[in-house]
Amino acid sequence: FFAYTIYLGAGEQGSRGAGEQLASESSSPSVSSLPSSSIHSPIHPSTQWAALELLQALGFRVNPNRQLCQSAEDVQNYYDQWATRRLQLSYLTDGVVVKLNDFALQQQLGFTQKFPRWAVALKYPAEEVPTLLESVSFQVGRTGAVTPVAELRPVQLAGTTVARATLHNADRLAELDIHQGDTIIVRKAGEIIPEVVRVLAELRPENAIKVTMPTHCPQCASALVKPDDEAVTRCINSSCPAIVQGAIIHWARRDALDIEGLGEKWVKQLVEQGLVHSVADLYSLTEADLEPLDRMGKRLAEKLVGAIAASKARPWPSVLYALGLRHVGTVNAKTLAQHFPTVDALAAASPEEIATVHTIGPEIAQAVAQWFEVPANQTLIDRLRQAGLQLAADEDQAQAAEAGALGGKTFVLTGTLPTLTRPEATALIEAAGGKVTSSVSKATGYLVAGEKAGSKLTKAEGLGIVILSEADLLALIGQD
Ligand SMILES: [Zn+2]
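Treat the numbers as computed from the prediction; the structure is a model and nothing was measured.

## Looking at the sheet that holds strand 13 (residues 446-449)
Within a sheet, each strand pairs with its neighbour through backbone hydrogen bonds, oriented either parallel or antiparallel.
Link 1 in the chain: Across the sheet, which stays open at both edges, the four strands sit in the order 12-11-13-14 with parallel pairing between neighbours. Each end of this open sheet is capped by a strand with a single partner; those strands are strand 12 (435-437) and strand 14 (466-468). Along the sheet, successive strands turn relative to each other by an average axial angle of 35°, direction set aside.
Link 2 in the chain: The pairing of strand 13 with strand 14 spans three bridges and is classified as parallel.

## As for the coordination of the zinc ion
For a metal with four tetrahedral donors the ideal donor-metal-donor angle is 109.5 degrees, while six octahedral donors give ideal angles of 90 or 180 degrees.
Link 1 in the chain: Those protein atoms acting as donors to the zinc ion are Cys217 (SG), Cys220 (SG), Cys235 (SG) and Cys240 (SG), and they sit at 2.2 to 2.4 Å.
Link 2 in the chain: In this structure, the zinc ion is surrounded by four donor atoms whose angles at the metal cover 100 to 119°, and the resulting shape is tetrahedral.
Link 3 in the chain: For Cys217, a relative accessible area of 4% translates into the label buried.
Link 4 in the chain: We classify Cys220 as partly exposed; its relative accessible area is 24%.

## Observations concerning the pattern of salt bridges
Link 1 in the chain: A full pass over the atoms with the stated rule returns 17 salt bridges.
Link 2 in the chain: Where Glu53 meets Arg66, a salt bridge forms, and the shortest distance between an N and an O atom there is 3.0 Å. With Glu53 in helix 3 (residues 48-57) and Arg66 in strand 2 (residues 66-69), this residue pair connects regions lying 13 residues apart in the sequence.
Link 3 in the chain: A residue is classified by how much of its surface remains accessible, and Glu53, at 38% relative accessible area, is partly exposed.
Link 4 in the chain: Of the charged contacts in the structure, one is a salt bridge between Glu151 and Arg164, with a shortest N-O distance of 2.7 Å.

The rules behind these values
Starting from 1, residues in each chain are numbered consecutively following that chain's sequence as written. With pLDDT at 70 or above as the cut-off, local features in this predicted model cover only qualifying residues; side-chain atom pairs require 80 or more to be listed or tallied, and sums for whole chains, interfaces and linings still use all residues. Neither water nor hydrogens contribute to the side-chain values; these are computed over all heavy atoms in the structure. Any two strands are treated as partners once DSSP identifies two or more bridges connecting them. Each helix is a run of H or I in the DSSP string that is no shorter than four residues. Each strand is a run of E no shorter than two, and both are numbered from the N terminus. Each axis is a line fitted through C-alpha atoms, and for a helix only the stretch in contact is used; angles between axes span 0 to 180 degrees, taken between their N-to-C directions. As a rule, N, O and S atoms within 2.8 Å of a metal are its donors, except that Na, K and Ca use 3.2 Å; water is not among the atoms, so sites may look incomplete. Geometry is assigned from the angles between donors: four donors with all angles from 85 to 135 degrees make a tetrahedral site, four or six donors whose opposite pairs exceed 155 degrees while the rest stay between 65 and 115 make square planar or octahedral sites respectively, and everything else is labelled irregular. Partly exposed describes any residue whose relative accessible area lies between the buried limit of under 20% and the exposed limit of over 50%, with all areas from a 1.4 Å probe on protein chains only and scaled to the type maximum. Throughout this description, the term salt bridge denotes a Lys or Arg side-chain nitrogen within 4 Å of a carboxyl oxygen of Asp or Glu.

Now the structure itself:
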């Protein structure tokens, strides 16, 4: 007694294929096919089916593969029928969508927190086939992410020949317990990306070696980094050849160093021909280096060298963003550059000190500190400095910071202050040109101590650091 509208659905990735297919068809239906009453009166279809018919009559493209079903059995039959028929479609599909036809009933059923109760996607199981694992390679992407990839004995799967399948990451690799020479089952996730489903351990050759993530980058041999709470293993050496190309493209972006004309096709050639191994190499390129590149010529070479030179004037926050540190987008770069007016100040800061900056969380701080610990990155900074890039706030900004009453002095807060909250005290100190960090060291200028001050006070006293009360602080910055 319920009627269902049903049509073939494509998954997230599959729908792109479907869209392209629809877009490539050309049709110009005429509005004259509309019933005349529909043209002159407001149209309020009361069912899904009527809505689709109406859209079609109006000239919209709707999927012709749909059916009005009268029972759950009809739905089952439609689903079964398309299990194989869908493979003949010129686009990829992963299931059928079933909707309750009557809009009034739809409304009555409503939604759960996330989904409508009146529609459901019935997915087809992905086709799975066994094949032999020939080897596992480790690809380094442009963000430094290392992805294990299974190299397979080629096999037919959902309409294509599959020779490689992703193993995602270190966690998945461990979970699969994959060994060299294993027989494995592959399928296409969402009918698009081949992935390894499981291993047939009973077919494993004797003494097979277990596949594990490398500890060092297959491209540049630096130690890989994998935070415990993340699935991704990364190479964080900015000189890694696999990363260089992506790094240069990022470097040249409009919101970074804005090097006009340094497009992907040039970057590819520059890296492949060994002319550039890091963004710093851009600054020693000459017209003579560039001119021989395919389709470059004298005029373009001249312009590109000029554009690269002009990028030296880009300000410190843009340079910091262009360096492409993890989690450091334009906003975080600006914030960090404000608090650390020179690259040396940022490089010298501990993760704890970086994390005291408002809006910079511990994860970001950790990533930033880690980046500066890599020797290759330190070399990069030195070379950029020699090339004349802006690695400090310009003098006006630096002077403005110095001019504050606290002149760049470092403060540590401890205990409970009589009237100010921590954020209030921090804001006052920063507004006056001071910096607030969380731990006491020889570099600490003042310790502001309130009630119940503990180990920080003891340590500061031991180091001979000036101890201030809240009143002292207010006096110092002229707020008393
Ligand atoms: Zn590497």
